[in-house]
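Coordinates in review
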Amino acid sequence: MNIKALKGFKDILPTEVGSWQRVERVARDLFHRYGFAEIRVPVLESTSLFKRSIGETTDIVEKEMYTFTDKNGDSVTLRPEGTAAVLRAFVEHSLHLLQPIQRLYTIGPMFRHERPQKGRLRQFHQLSVEVLGSEEPMVDAELMAMAWQLLTELGVNVSLEINSLGCPECRPNYNQALRDFIDARAEKLCDDCNRRRQTNPLRVLDCKNPNCQEQYQGVPLLPDFLCGGCRDHFGEVCRLLDLLAIPYKKNAFMVRGLDYYTRTTFELITRDLGAQSAVGAGGRYDGLVAQLGGPKLPGIGFAVGMERLTLLLEQLNGPQADSGSDLFIVALGEAARNRAFLLTQEGRRNGLAVLMDPAGRSMKAQMKQADKFQARYVLIMGEEELAKGIAILRDMASKAQEELALGDELGKELAVRINK
Ligand code: HAM
């Protein structure tokens, strides 16, 4: 029986997991500096949560969700994104009572039944960030600054594109103008656009069909329909980004694939990943908390796709393996092996990553293993060394060697020397 991983589901191997660990480390540290707390939410939720938040007529809900009926007869779905699940938890636990503004992040797998390609999987991972409780443009700018800083600290080059999708006051006027424009060209548009014309007109702007794109020359654009409040909000977001010297491009065609957005939306775009160019994306969703049965609180967030980010890092630095060990103890003979076994534990208690060969093979075989484990140091303990009460510490990079006394404090001493 030869069972393989499902299409679009990927193993992250020890030889490549280093970039993932780096992304998580840098992100956690950065999010902490911006006042974010981690929240961990389940991967399985009621299907209605995603229908109600992402929107019944979005591609995600219409075509891409892993939905099934569980043993109780309830419809459940593997989360296709993090925002809905985090907001469900926010509402369920009344987190708004703890702090006036909640800054939350979560890291984990999401599931969408899309056609797999480079940078697009069916199980993918997001760093997902939400700020709940403020509609101030400063929060929008701060969040984009954090996303920008994350990618800068990781050494990844992206561009920031922003737009405003308006609010329930101005969006209907725009939808009407857009519908009128599309209706006049209906017979020249693809089936998808014709369907969206009825259900979700904004989404037609995202159509990749070249014929449709041609038809959309001169299409009315949302920024021209914003109400005074939305226009001021967007203007202030731009002013604050300028103040922070964060470069951005306004993209009036950016509509996003989830229905909950209002006002500011943004995407972090790369030219280095082919078709899947969005490394991260997000925006404001001022009506969503209330829509999910919570208080009337505004919110904004973004998510970075970890597969896309680690692909970019691998293009820059090559695949990064899980970190190797600090020390490999090469022990020859029964007595030395016993001493080495104790020393592995002492070293670990003192914070070192220590390994030895459990099978006690030849010196050459043990040195080979030390190489395989990328040990920075090797401690050699043969019968001769043991008789002299010493061990030899070799720095594998410089090949420098020194003799160390086999005293009770050796574990501690090794930690000091190796961590120097
Ligand atoms: P999204 O644009 O659907 O937004 O996804 C955010 C990011 O997740 C994308 O830019 C991409 O990097 C990554 N991503 C999405 N689908 C896939 C896939 N099939 N394979 C690999 N990576 C993928 C959201 O999910 C929103 N919840 C973001 C947000 C948070 N908005 C407000 N708060």
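Rules behind the numbers
Numbers given to residues run from 1 along each chain, matching the order in which its sequence is written. Totals for whole chains, interfaces and linings use every residue, but because this is a predicted model, local features are given only for residues with pLDDT of at least 70 and side-chain atom pairs only at 80 or more, for both listing and counting. Calculation of side-chain values draws on the structure's entire complement of heavy atoms; hydrogens and water are dropped beforehand. When accessible area is computed with a 1.4 Å probe and restricted to protein chains, residues below 20% of their type maximum are described as buried, those above 50% as exposed, and intermediate ones as partly exposed. A helix here means a DSSP run of H or I that spans at least four residues, while a strand means a run of E at least two residues long, and both kinds are numbered starting from the N terminus. Strand pairing follows a simple DSSP-based rule, namely that at least 2 bridges must link the two strands. Whenever a helix is involved, its axis is fitted only over the stretch in contact; in every case the axis is a line through C-alpha atoms, and angles between N-to-C directions fall within 0 to 180 degrees. The contact definition used throughout considers only heavy atoms, calling two residues in contact when any of these lie within 4.5 Å. It is the rotation of the near helix from the far one that decides the hand of a crossing: anticlockwise by less than a right angle makes it left-handed, clockwise makes it right-handed. In this count, Pro and Cys sit with the nonpolar residues alongside Ala, Val, Leu, Ile, Met, Phe, Trp and Tyr, while Asp, Glu, Lys and Arg are called charged and the others, Gly among them, polar.

**Structural notes on the pairing of strand S10 (residues 278-284)**
Counting buried residues along S10, 6 of its 7 residues qualify, which places the element largely inside the surrounding structure. Bridge analysis of strand S9 (residues 262-269) against S10 gives 6 bridges, and the strand direction is antiparallel. When the bridges of S10 are listed, Glu267 appears paired with Ala281. In this sheet, strand S11 (residues 299-305) lies alongside S10 in antiparallel orientation, the contact comprising 5 bridges. Paired with Gly283 across the two strands is Gly301, which belongs to S11.

**Examining the sheet that holds strand S3 (residues 66-69)**
Spatially, S2-S4-S3 is the arrangement adopted by the 3 strands of the open sheet, whose pairing is antiparallel. Each having just a single partner strand, strand S2 (44-46) and S3 make up the two edges of the open sheet. For this sheet, the mean inter-axis angle between neighbouring strands, taken without regard to orientation, is 35°. The pairing of S3 with strand S4 (residues 75-78) spans 4 bridges and is antiparallel. The partner of Thr67 across the bridge, within S4, is Thr77. In this fold helix H2 (residues 47-54) packs onto S2, S3 and S4, with an angle of close to 75° to the strand it touches most, S2.

**Let's talk about the packing of helix H1 (residues 17-33) against helix H5 (residues 137-153)**
Viewed as axis vectors pointing N to C, H1 and H5 meet at an angle of 140°, and their least axial separation amounts to 10 Å. Seen along the crossing, H1 lies across H5 with a hand that is right-handed. Each of Arg22, Val26, Ala27, Leu30, Phe31 and Arg33 in H1 lies in contact with H5, whose residues at this interface are Met146, Gln149, Leu150 and Glu153. Residues that form the contact of H1 with H5 fall into these classes: 6 nonpolar, 1 polar and 3 charged.

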